[in-house]
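Examining the three-dimensional arrangement
The primary structure of each chain is shown beneath.
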Amino acid sequence: MSSLKTNVLCLVSSLCVGGAEKHTVTLANLLERRLFNVHLGYLKPVEALLGQVRPDLATRTFCLNVRKRLDVAAVRRLRGFIDLHAIDVIVATHEYPALYALLARRGARFRPRLIQVFHATGYLGLRAGC
């Protein structure tokens, strides 16, 4: 078994109080620290759940400050983050964060695998979350 940790970015629309957001924070909090370097990113600065992020993960939590539906500057910031932290896997909750992850992977030095989580009973479209 390799001693290298997998660099994971959990990406969600915001940290508003919602089921998908709570599950994303819980996943990021509970991933095994011996195996994963976990980062938590969110697109919009709604931060009600920020206090529930474990203290060591809070230092690796960031907001992209998306200001419009498709914020090209935020895509560039995410691409830079992927390269700076050599992200191996992005876990995107819902379509909107997955869109940002897909766009950020283009042109990045590192091409992380993308896992998309659907936390719904039906298609939500590209709405921006809370």
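Check the entry above for the structure.
Keep in mind the model is a prediction, meaning the values are calculated, not measured.

Turning our attention to the packing of aromatic side chains. Evaluation of the coordinates by the stated rule reveals two aromatic pairs. Relative to tyrosine 100, the ring of tyrosine 96 has its centre 5.4 Å away and its plane inclined at 85°; by these criteria the two rings are edge-to-face. Taken as a pair, tyrosine 96 and tyrosine 100 lie in helix α4 (residues 95–105) at a separation of four residues, close to a single helical turn. For tyrosine 96, a relative accessible area of 2% corresponds to the buried category.

Inspection of the secondary structure assignment puts threonine 24 in helix α1 (residues 19–30). Relative accessible area serves as the criterion here: at 5%, threonine 24 is assigned to the buried category. Residues threonine 24 and leucine 11, spaced 13 residues apart in sequence, show a C-alpha to C-alpha distance of 7.9 Å. Excluding residues within four positions of it along the chain, threonine 24 makes contact with Cys10, Val12, Leu40 and Thr93.

This paragraph deals with helix α3 (residues 72–84). Between its terminal C-alpha atoms α3 stretches 18 Å, which fits the 18 Å expected from 13 residues at 1.5 Å a residue. Here α3 has its buried residues at Ala74, Val75, Leu78, Phe81, Ile82 and Asp83. Next to the buried residues of α3 lie β1 (6–12), β2 (36–42), β3 (61–63), β4 (89–93) and α4. Among the residues of α3, the N-terminal cap falls to aspartate 71, whose side-chain oxygen and the backbone nitrogen of alanine 73 are separated by 3.2 Å.

Time to look at the side chain of serine 14. Position of serine 14 relative to the elements: it lies in the loop between β1 and α1. Looking at serine 14, the relative accessible area reads 1%, which means it is buried.

The biggest cluster of nonpolar side chains holds 18 residues, and the ones touching the most others in it are Leu64, Leu78 and Tyr100. For this core, the secondary structure elements donating two or more residues are β1, α3 and α4. It is α3 that contributes the most residues to this core, five residues altogether. The residues touching leucine 78, leaving out its near neighbours within four places in the chain, are Leu9, Leu11, Phe62, Leu64, Tyr100, Ala101 and Ala104. Of all hydrophobic cores here, the second largest spans 16 residues; its members include Val25, Leu49, Leu57 and Cys63.

Cut-offs applied
- Residues numbered from 1 in each chain as written.
- Predicted model: local features only at pLDDT ≥ 70, side-chain atom pairs only at ≥ 80, totals over all residues.
- Heavy atoms only, no water.
- Phe/Tyr/Trp six-rings, centres within 6.5 Å; stacked < 30°, edge-to-face > 60°.
- Helix = DSSP H or I, 4+ residues; strand = E, 2+ residues; numbered from the N terminus.
- Buried < 20%, exposed > 50% of the residue type's maximum accessible area, 1.4 Å probe, protein only.
- Contact = heavy atoms within 4.5 Å.
- Expected span 1.5 Å × (residues − 1).
- Polar contact = N/O pair within 3.5 Å; in protein donor to acceptor, adjacent residues only side chain to side chain.
- Core = buried A, V, L, I, M, F, W, Y, C linked by side-chain atoms within 4.5 Å.

None of this, on its own, says anything about what the molecule does.
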